[in-house]
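Here's the letter readout for the chains.
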Amino acid sequence: FLANSKGFDTHGGCMGLHIMDWDVNAEIPLVQTTRTLVGVIAKPKPFCAEDGNKNIGGLEMDFPGLFLNQLPNDCFSPDGKFIFVSSMW
């Protein structure tokens, strides 16, 4: 699931990608198992070759994060195990 625990200024704000286990018998999420796969990026770092940051299309910056309004309409795989995103990174 996508979330930002600190809140965000707009509906198009940066989100983190998280997962949690699900108790299929009780049909409830196990909130205590929540893990972050991709954290919220508050401010991308400037380019630094030693850090492995990318220079894409002349832009020298780090991965800017995930934004809900940039996800495709059908971004989940048919089995629900994967999320597809597009990015220049």
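Residues numbered from 1 in each chain as written. Predicted model: local features only at pLDDT ≥ 70, side-chain atom pairs only at ≥ 80, totals over all residues. Heavy atoms only, no water.

1. Some details on the overall build of the protein
In terms of regular secondary structure, the protein is built from zero helices and six strands. Counted over contacts in the protein with a minimum sequence separation of 6, partners at least 24 positions apart contribute 34%. Roughly 6900 Å² of accessible area belongs to the protein as shown, and the carbon and sulfur atoms make up 57% of that amount. (Helix = DSSP H or I, 4+ residues; strand = E, 2+ residues; numbered from the N terminus. Contact = heavy atoms within 4.5 Å. Areas by Shrake-Rupley, 256 points an atom, 1.4 Å probe, with all protein chains shown as cover.)

2. Brief notes about unusual backbone geometry
Notably, E27 is not glycine yet its phi reads approximately 55°, a positive angle. Position of E27 among the secondary structure elements: in the loop between β2 (14-23) and β3 (28-38).

3. A look at the side chain of S77
Following the sequence through the fold, S77 ends up in the segment after β6 (66-67). A polar contact of 3.4 Å, which involves the side chain of S77, links it to the backbone nitrogen of K81. Among all residues touching S77, those that are not within four sequence positions of it are F82 and F84. (Polar contact = N/O pair within 3.5 Å; in protein donor to acceptor, adjacent residues only side chain to side chain.)

4. Brief notes about the pattern of salt bridges
Tallied over the entire structure, the rule returns one salt bridge. Between D21 and R35 there is a salt bridge, with the nearest N and O atoms lying 3.6 Å from each other. Taken together, the residues span a long stretch of sequence, with D21 in strand β2 and R35 in strand β3 at a distance of 14 residues. Look at R35 and you get partly exposed, because its relative accessible area is 37%. (Salt bridge = Lys/Arg side-chain N within 4 Å of Asp/Glu carboxyl O. Buried < 20%, exposed > 50% of the residue type's maximum accessible area, 1.4 Å probe, protein only.)

5. Examining the pairing of β3
Examined bridge by bridge, β2 and β3 share six bridges and lie antiparallel to one another. Along β3, the bridge assignment pairs D23 with I28. (Pairing = 2+ DSSP bridges.)

6. Observations regarding the confidence of the model for the protein
Residues shown with low pLDDT carry predicted positions that ought not to be read at fine detail. Mean pLDDT over the protein works out to 76, with 64% of the residues at or above the 70 mark. The spread of mean pLDDT over the elements of the protein runs between strand β4 (residues 54-56), the lowest at 53, and β3, the highest at 91. (pLDDT = per-residue confidence, 0-100.)

7. Things to note about the pairing of β2
Here strand β1 (residues 2-3) runs beside β2; their pairing, made up of two bridges, is antiparallel. Directly across from A3, in β2, lies its bridge partner G16. With two bridges connecting them, β2 and β6 associate as antiparallel partners. Residue M15 lies in a different strand from β6, and its bridge partner there is L66. Counted between consecutive antiparallel strands, the loop separating β2 from β3 contains four residues, among which E27 sits at a positive phi close to 55°.

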